[in-house]
Amino acid sequence: MYTDVKQLRYGHLMIMTDQDHDGSHIKGLIMNYFHTFYPSLMKLSGFLIEFITPVIKVSHICLLSASF
């Protein structure tokens, strides 16, 4: 049972997925896995970190606009 992130080798888990339906499902599956098999890790503050990738949209006039 883990009580502190200093007991871990790396300390954090960062989930980096796309911001679409598949990415959100993958995040949910990863969170469910850790909640089921390592519930003490999910109780640690700051263990699970989410990297929010920007959604890039390209228009016909070749203008880039990033939306988050």
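Scroll up for the structure.
Residues numbered from 1 in each chain as written. Predicted model: local features only at pLDDT ≥ 70, side-chain atom pairs only at ≥ 80, totals over all residues. Heavy atoms only, no water.

A. Focus on the pattern of salt bridges. Inspection of every chain in the model, using the stated rule, returns one salt bridge. Here Glu50 ties to Lys27 by a salt bridge, and the two come within 2.5 Å at their closest N and O atoms. Placement of the pair is Glu50 in strand β2 (residues 48-52) and Lys27 in helix α1 (residues 21-37), with a sequence separation of 23 residues. Accessibility expressed as a relative area gives 43% for Glu50, which makes it partly exposed. For Lys27, a relative accessible area of 12% gives the class buried. (Salt bridge = Lys/Arg side-chain N within 4 Å of Asp/Glu carboxyl O. Helix = DSSP H or I, 4+ residues; strand = E, 2+ residues; numbered from the N terminus. Buried < 20%, exposed > 50% of the residue type's maximum accessible area, 1.4 Å probe, protein only.)

B. Representation of the environment of Ile30. Structurally, the position occupied by Ile30 is in helix α1. Taking C-alpha positions, Ile30 is 8.3 Å from Ile15, a pair spaced 15 residues apart along the chain. Those residues in contact with Ile30 that sit more than four places away from it in its chain are Leu13 and Ile15. (Contact = heavy atoms within 4.5 Å.)

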